[in-house]
Amino acid sequence: MKTFLFKLAAVILSVLVFLAGLEIVVRTFHLSRPRLSQADPVFGHAYIPGQTAVNRFGVTIEVGRHGFRGPAPSFEKKSGVFRVILLGDSYLFAEAVPYEKVFHSRINQKFKSENKPIELINMGVDGYGTVQEYLVYRHLAQKYHPDLVILFFYAGNDLTDNYPPQDYRPGARIADGELELVSFEMAPGKRNPLRDFLRKNVRIYSYLPDLLREAVNNWSAALSGEVKRNRFEDEQAQFNVAKDMTWTREILREEKLDLRWQVTLGIIRKLAGEVRQDGGRPALAVIPTITQVHDQYWRRLLEEYRDFDTSNWDRFKPQKILENLAQAEGLSYLPLSKKMAEAAGDTDEIFYGPKDFHFNEIGHAVVAEILAPEIERLYEQWAEAKAQKAR
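Residues numbered from 1 in each chain as written. Predicted model: local features only at pLDDT ≥ 70, side-chain atom pairs only at ≥ 80, totals over all residues. Heavy atoms only, no water.

Draft legend 1. Molecular detail of helix H3 (residues 103-113). For H3, every residue scored as buried is listed here: Phe-103, His-104, Ser-105, Ile-107 and Phe-111. Of the residues flanking the end of H3, it is Asn-115, one or two places downstream, whose phi is positive at about 60°. (Buried < 20%, exposed > 50% of the residue type's maximum accessible area, 1.4 Å probe, protein only. Helix = DSSP H or I, 4+ residues; strand = E, 2+ residues; numbered from the N terminus.)

Rendered as structure tokens:
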């Protein structure tokens, strides 16, 4: 009996040593990617405060204590500081770009070096639409007491994100001519403290199932011949023809504002009204797609639609709709799309990444160069108004 117990203890100890060694290897070489987000009853999904992970791009993502990428400043604002909140989606989260290279970090570094009391807080979340971004302001951003709130609308998919409502995230609709928020119910699930602890603290808990899944997928791909990559894969990945074609057909060819636009414009009006009510200034910027910025991709898109009449297609139609809204509602409109297209005409560089279709480091540098003077101009107006009020 003692011999059996000794052998059993030796086996258990060997397994524990092996698992501990594997855990060290996984952590050292960043083989496992801890989950950054979780289901949320308000937003549909949200980042896990305090979570850190190295993602598929080799970029370290750190989530602050308030649930957004990067360090979280205090809710209390220092006297004389012009605080700017940025609301948006994955283009602001920028998972493929190191944090210090994201455009808001570049702008913060510039203003800090010039001793300008301007602070940008990036609250972008991957996968959010305008409805969720509005809720971010209502539930979290307003606690920062912002002086300026910039909503970043992505011309590629925000319309379809906003309408129709989905059962896994908050939405909105038009009922009797009025905007109405639509709630959702989280899928029921039992909380498992042990599982939650293992997911957060033991990397091999996630790594081993992922490793097995990847091995099965590779084996399946090898059998079906998918291991042989198409020579156009990289170009296809960068351009993502199917998505741009869908966006073009639905946005550029329509002659009137459909329900997606009505909901979107209604949400922007609602956000602007609440920002003003809280003493801030609302602003709007449109993030352009690659086809809007780079001529070669626009030409390729038109070639894809060569059997259609594209003579009346307006390359910047979404931007013009939103600029008109900004003028009518008194929002500050930041001409990001137009200036990015102008900047692209002066260089052979592509501003979008080859794998995730979002801004690369060059793109973020261009965005920072465009937005910094716009934000500084609004700061000067704010400072002047504050000085006049003090007289």
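Draft legend 2. Local environment of the packing of aromatic side chains. According to the stated counting rule, one finds 11 aromatic pairs in the structure shown. With centroids separated by 4.6 Å and ring planes inclined at 20°, the aromatic side chains of Tyr-47 and Phe-93 adopt a geometry described as stacked. Pair noted here: Tyr-47 is in strand S2 (residues 44-47) and Phe-93 is in helix H2 (residues 90-93), with a separation of 46 residues, a long-range link. When its relative accessible area of 7% is taken as the criterion, Tyr-47 is described as buried. Every member of this aromatic cluster is reached through a ring pair, and the members are Tyr-91, Tyr-154, Tyr-352 and Phe-359. (Phe/Tyr/Trp six-rings, centres within 6.5 Å; stacked < 30°, edge-to-face > 60°.)

Draft legend 3. Highlighting empty space enclosed by the protein. Enumeration according to the criterion identifies one cavity of 30 Å³ or more in this entry. Counted as a void, the largest cavity has a volume near 40 Å³. Counting residues per element, the ones that place at least two in the lining of the largest cavity are strand S7 (148-154), helix H10 (259-277) and strand S10 (281-287). Considering each element in turn, the lining of the largest cavity owes the most residues, four residues, to H10. Looking at side-chain class alone, the lining of the largest cavity contains nine nonpolar, no polar and no charged residues. (1 Å grid on protein atoms, 1.4 Å probe; cavity = no way out; pocket = protein on both sides within 12 Å on 5 of 7 lines; lining within 4 Å. Points joined across faces, edges and corners; volume = space filled by probe spheres on them. Nonpolar A, V, L, I, M, F, W, Y, C, P; charged D, E, K, R; others polar.)

Draft legend 4. Here's a closer look at the nonpolar core. Counting 47 residues, the largest nonpolar core has Ile-85, Leu-87, Met-123, Leu-284 and Leu-322 as the members making the most contacts within it. Residue assignment for this core shows that the elements contributing at least two residues are S2, strand S5 (82-87), helix H4 (130-139), S7, H10, S10 and helix H13 (317-329). Look past the residues within four positions of Leu-284 in its chain and what remains in contact with it is Leu-151, Phe-153, Ile-268, Leu-322, Leu-331, Ser-332, Tyr-333 and Leu-334. Membership of the second largest hydrophobic core comes to 41 residues, among which are Tyr-91, Phe-103, Ala-285 and Val-293. (Core = buried A, V, L, I, M, F, W, Y, C linked by side-chain atoms within 4.5 Å. Contact = heavy atoms within 4.5 Å.)

Draft legend 5. Representation of the side chain of Thr-130. Mapped onto the elements, Thr-130 comes out in helix H4. For Thr-130, a relative accessible area of 2% corresponds to the buried category.

Draft legend 6. Expanded view of the packing of helix H14 (residues 336-344) against helix H15 (residues 361-390). In contact at an axis separation of 10 Å, H14 and H15 are set at 130° when each is read in the N-to-C sense. Judged by the angle between their axes, H14 and H15 are oblique. The way H14 lies across H15 gives a crossing that is right-handed. Facing H14, whose interface residues are Leu-336, Lys-339, Met-340 and Ala-343, H15 presents Gly-363, Val-366, Val-367, Ile-370, Leu-371 and Glu-374. Residues that form the contact of H14 with H15 fall into these classes: seven nonpolar, one polar and two charged. (Axes fitted to C-alpha atoms, helices over the stretch in contact; angles between N-to-C directions. Parallel < 35°, antiparallel > 145°, perpendicular 65-115°, else oblique. Left-handed = near helix turned anticlockwise from the far one by under 90°.)

Draft legend 7. Up close: unusual backbone geometry. Between Tyr-163 and Pro-164 the backbone carries a cis peptide bond, its omega angle lying at 5°. You can see Pro-164 is positioned in the loop between helix H5 (158-162) and strand S8 (171-175). Look at Asn-115: it is not a glycine, yet its phi comes out positive at around 60°. You can see Asn-115 is positioned in the loop between H3 and strand S6 (118-122). Overall, Asn-115 belongs to the exposed group, its relative accessible area being 71%. Even without being a glycine, Asp-176 presents a positive backbone phi close to 55°.

Draft legend 8. Structural context of the pairing of strand S9 (residues 178-182). Two elements, S8 and S9, share five bridges in a ladder whose sense is antiparallel. From the neighbouring strand, Ala-175 faces S9, where its bridge partner is Glu-178. In this structure, the hairpin formed by S8 and S9 is closed by a connection of two residues, where Asp-176 is found at a positive phi of approximately 55°. (Pairing = 2+ DSSP bridges.)

Draft legend 9. The packing of H3 against H15, seen in detail. Two elements in contact, H3 and H15, have axes whose closest approach is 8 Å; the angle formed by their N-to-C orientations is 50°. Classified by the angle between their axes, H3 and H15 sit oblique to one another. The hand of the H3/H15 crossing is right-handed. Residues Phe-103, Arg-106, Ile-107, Lys-110 and Phe-111 of H3 form the contact with H15, whose participating residues are Glu-361, His-364, Ala-365, Val-367, Ala-368, Leu-371, Ala-372, Ile-375 and Glu-376. Taken together, the residues that form the contact of H3 with H15 break down as nine nonpolar, one polar and four charged.

Draft legend 10. Structural view of the pattern of salt bridges. Per the counting criterion, the structure on display carries 15 salt bridges. Across the pair Lys-116 and Glu-376 runs a salt bridge, and its minimum N-O distance is 3.4 Å. Remark: Glu-376 occurs in helix H15 and Lys-116 occurs in the loop between H3 and S6; sequence separation between them is 260 residues. Here Glu-303 makes a salt bridge to Arg-306, at a shortest N to O gap of 3.3 Å. Taken together, the shared-partner salt bridges in this structure form one network comprising Lys-110, Glu-114, Lys-116 and Glu-376. (Salt bridge = Lys/Arg side-chain N within 4 Å of Asp/Glu carboxyl O.)

Draft legend 11. Looking closely at the environment of Arg-281. Tracing the sequence through the fold places Arg-281 in strand S10. Take Arg-281: its relative accessible area is 33%, and that puts it in the partly exposed class. Sequence separation between Arg-281 and Ser-332 is 51 residues, and the spatial gap between their C-alpha atoms is 8.0 Å. Residues contacting Arg-281, with those up to four places away along its chain left out, are Asp-147, Leu-148, Val-149, Val-275, Ser-332, Leu-378 and Gln-381. Within the structure, the side chain of Arg-281 is placed 2.7 Å from the side chain of Gln-381, a separation counted as a polar contact. (Polar contact = N/O pair within 3.5 Å; in protein donor to acceptor, adjacent residues only side chain to side chain.)

Worth remembering: the numbers are spatial, not functional.
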